[in-house]
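Okay, here's what each chain looks like letter by letter:
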Amino acid sequence: MTGTPPTEWEYETLRPDRDATKKEAVDPKARLNELGAAGWEFVGTISYEGGGTKYLVLKRPRSGTPSA
């Protein structure tokens with residue numbers, strides 16, 4: 001074994017804008033591309049039944065830690 005420490009991650013959430021019907025009002029592609037250029041990778045969504053709140057979850061290796 002090499003004793004290499006595991007990668008430490010930092011996370012970001014993006015909440016797409018919603019209109020009065022609680023549906024996404026704007027395509028978040030431009031913001032996702034900005035975050036991707038800054039090293040963020042999309043990993044999934046968080047949604048809550050009944051409330052309609054949804055977050056896009058992104059991650060990237062924490063600065064100064066080795067990546068896996």
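Provided above is the structure to which this section pertains.
If you're wondering where the values come from, they're calculated on a predicted model, not measured in any experiment.

Tallying secondary structure elements over the protein chain gives one helix and three strands in all. What you see in the protein chain, going N to C, is helices and strands ordered as β-α-β-β. Across the 68 residues in the protein chain, those meeting the buried criterion constitute 16%. Of the roughly 5200 Å² of accessible surface on the protein chain, 50% is carried by carbon and sulfur atoms.

What follows concerns the environment of Lys-29. The residue Lys-29 is located in helix H1 (residues 29-37) in this model. We classify Lys-29 as exposed; its relative accessible area is 52%. C-alpha of Lys-29 to C-alpha of Pro-16: the two residues are 13 residues apart in sequence and 9.8 Å apart in space.

Further remarks concern the nonpolar core. If you look at the biggest cluster of nonpolar residues, it comprises five residues: Leu-14, Leu-35, Trp-40, Leu-56 and Leu-58. If we ignore the near neighbours within four places in the chain, the residues touching Leu-35 are Glu-12, Leu-14, Trp-40 and Leu-58.

The rules behind the values
- Residues numbered from 1 in each chain as written.
- Predicted model: local features only at pLDDT ≥ 70, side-chain atom pairs only at ≥ 80, totals over all residues.
- Heavy atoms only, no water.
- Helix = DSSP H or I, 4+ residues; strand = E, 2+ residues; numbered from the N terminus.
- Buried < 20%, exposed > 50% of the residue type's maximum accessible area, 1.4 Å probe, protein only.
- Areas by Shrake-Rupley, 256 points an atom, 1.4 Å probe, with all protein chains shown as cover.
- Core = buried A, V, L, I, M, F, W, Y, C linked by side-chain atoms within 4.5 Å.
- Contact = heavy atoms within 4.5 Å.

Shape is all these values report; function is a separate question.
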